[in-house]
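# Observations on the model geometry
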Amino acid sequence: MLSDDELLRYSRQILLKQIDVQGQLRLKQGRVLIVGMGGLGSPVALYLAAAGVGELHLADFDTVDLTNLQRQIAHDTASIGQAKVDSAMARLGAINPQITLVPHRQALDVDSLAAAVSSVDLVLDCSDNFSTREAVNAACVAAGKPLVSGAAIRLEGQLSVFDPRNAASPCYHCLYGHGSEAELTCSEAGVVGPLVGLVGSLQALEALKLLAGFGEPLVGRLLLIDALGTRFRELRVKRDPVCEVCGGR
């Protein structure tokens, strides 16, 4: 049940027929893992906390640096030197003290990642390197958990949803294969702050759709964002039947 305070707090989204009280209850019962509390993870966590997702698991082994503050809006100047997870938990707790926050302050290895993924309903990959994205994808496929994946660098962003519960859904590996560890990070190539805010906000929206059960998630579709020209493009993507990660499911 929702308390009177919860009905008031979430009243603007409960008014939406696509969500209503039942959808809000599903959000309250939802458990989500956010991998990375940086530029993407910040807006993801802020919006999911504000929306009333009942349990947020926050994973990041890094600390807040001055160079983060241009885009990582969950942190502030007073947070410099703190663990990003602790900084984010303080901010999220202030926004919504009614939700549960579960910290993962250490880097997740294969076993701890598998356990973390198995304990939630949905995973959001907000990391900034290919090896982490591959590991998170493999854990989600193995556990049968939907994955909302976002990325942003320079003035370009992309977003997709991979859902192993859907037989037609590709996984991250279907699209990118083994990728390349030579890919640049934001610290090397740069990124504009509002772009990661945009991608992270869209990731949060996709998560709410999956948890509450409304709308059409970005399964089998890759959204490409050109911030320089403010253009959006969508590509249809198919599952690879011989994919090393999901081909046997």
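By the naming in an unreviewed UniProt entry, the protein is Molybdopterin-synthase adenylyltransferase, taken from Ectopseudomonas chengduensis. For the protein, the Function (unreviewed entry) comment in UniProt is given as "Catalyzes the adenylation by ATP of the carboxyl group of the C-terminal glycine of sulfur carrier protein MoaD." What UniProt states about the protein under its Catalytic activity (unreviewed entry) heading is, verbatim, "[molybdopterin-synthase sulfur-carrier protein]-C-terminal Gly-Gly + ATP + H(+) = [molybdopterin-synthase sulfur-carrier protein]-C-terminal Gly-Gly-AMP + diphosphate".

## A word on the overall build of the protein
Secondary structure summary: the protein contains 10 helices and 8 strands in total. Against the 2.2 N^0.38 benchmark of 18 Å for 249 residues, the protein shows a C-alpha radius of gyration of 17 Å, consistent with a compact globule. By sequence separation, contacts in the protein at least 24 residues apart represent 66% of the contacts at least 6 residues apart. Across the protein, the 22 positively charged side chains and the 27 negatively charged ones have centroids separated by 8 Å.

## Let's talk about the pairing of strand β5 (residues 147-153)
Working note: regular strand, side chains alternate between the two faces of the sheet. When you tally the buried positions in β5, you get 6 out of 7 residues, the bulk of the element. Judged from the 3 bridges that link them, strand β4 (residues 122-125) and β5 form a sheet pairing that is parallel. The residue bridging D125 from the neighbouring strand is S149, located in β5. Read as a crossover between parallel neighbours, the route from β4 over helix α7 (residues 130-143) to β5 is right-handed. For β5 and strand β6 (residues 156-162), the ladder comprises 7 bridges, and the chain directions are antiparallel. Note that in β6 the partner of S149 across the bridge is S160. Adjacent in sequence and paired antiparallel, β5 and β6 are bridged by 2 residues, among which R154 carries a positive phi angle near 50 degrees.

Rules of the game
- Residues numbered from 1 in each chain as written.
- Predicted model: local features only at pLDDT ≥ 70, side-chain atom pairs only at ≥ 80, totals over all residues.
- Heavy atoms only, no water.
- UniProt positions renumbered as here; feature names shortened; annotations may be inferred.
- Helix = DSSP H or I, 4+ residues; strand = E, 2+ residues; numbered from the N terminus.
- Rg over C-alpha atoms; globule rule 2.2 N^0.38 Å.
- Contact = heavy atoms within 4.5 Å.
- Lys, Arg positive; Asp, Glu negative; His and termini not counted.
- Charge placed at Lys NZ, Arg CZ, Asp CG, Glu CD.
- Buried < 20%, exposed > 50% of the residue type's maximum accessible area, 1.4 Å probe, protein only.
- Pairing = 2+ DSSP bridges.
- Right-handed = clockwise from strand over helix to strand, strands pointing away.

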